[in-house]
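Chain by chain, the residues:
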Amino acid sequence: LMQPRMLSGAPIQLKHKQAPRAGAVLILVYEDQDRLRFPLIQRPTYQGVHSGQMGLPGGKAEPEDHSLYATAMREAQEEIGVDPSTVEVIGSLSSFYVAASNYQVLPVLGVTDRTPQFVPDRHEVEEVVVGNLHHLMDTDYVKEKEIVAAAGFRLQSPYFELEGKTVWGATAMMLSEFSFILKEIYGHL
């Protein structure tokens, strides 16, 4: 539902010579001030396809990771200081192919009964933005606009407007699936 497309309306088609690399991200849900919240990160500006974008903490699987769940936890600890011992992994969403960076990403769902004290890694994270889970399920926060992606590609894209930030692309698609599941289970929170 949140998939960007070319301005012509055609789907985006990228081809890579190598097989996708494995990665994982963490959707960490916790309660704070009587609201269910989750952290997002704003990537710094750099030479790369996800420069300056909003995302979920996560990254590439490393040989020492015994599973993609471990990858998500390690990356969340490295990027925003999440203590893995405080997180209960409850499952995952659908594995997702991110064509722009050629990754096959597993969105891992975790919960904690503590309000995390985020410590962003300044090389990988420009800002930690705390989202409100209720906003994912409210259509007032789903919008669409033209977005200029890496290398100047102009796309028409649906996005979530969360805490004044534009959350689009792979992250929006993952959060859209999460929102759909929550609505199916709980209705509106």
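Bear in mind that the values here come from a model prediction, so they are computed numbers and not experimental data.

1. Let's talk about the layout of surface pockets
Here the second largest pocket defines a volume of roughly 210 Å³. Taken together, 14 residues form the lining of the second largest pocket, with V29, I90, F178, L182 and Y186 sitting closest to its centre. Of all the elements in the fold, those that place two or more residues in the lining of the second largest pocket are strand 2 (21-32), strand 8 (103-111) and helix 3 (169-186). Per-element accounting of the lining of the second largest pocket gives the leading share, 5 residues, to helix 3. Taken together, the residues that form the lining of the second largest pocket break down as 13 nonpolar, 1 polar and no charged.

2. Details of helix 3
Here helix 3 spans 25 Å end to end across 18 residues, near enough to the 26 Å set by a 1.5 Å rise per residue. Listed as buried for helix 3 are G169, A170, T171, A172, M174, L175, S176, F178, S179 and L182. Residue G187 follows helix 3 closely and has a positive phi angle near 75°.

3. Side note on the environment of F178
Turning to its location among the elements, F178 is positioned in helix 3. With a relative accessible area of 7%, F178 lands in the buried category. Among residues more than four places away in sequence, those in contact with F178 are I27, V29, L93, L109, L133 and L136.

What counts and what doesn't
Residues numbered from 1 in each chain as written. Predicted model: local features only at pLDDT ≥ 70, side-chain atom pairs only at ≥ 80, totals over all residues. Heavy atoms only, no water. 1 Å grid on protein atoms, 1.4 Å probe; cavity = no way out; pocket = protein on both sides within 12 Å on 5 of 7 lines; lining within 4 Å. Points joined across faces, edges and corners; volume = space filled by probe spheres on them. Helix = DSSP H or I, 4+ residues; strand = E, 2+ residues; numbered from the N terminus. Nonpolar A, V, L, I, M, F, W, Y, C, P; charged D, E, K, R; others polar. Expected span 1.5 Å × (residues − 1). Buried < 20%, exposed > 50% of the residue type's maximum accessible area, 1.4 Å probe, protein only. Contact = heavy atoms within 4.5 Å.

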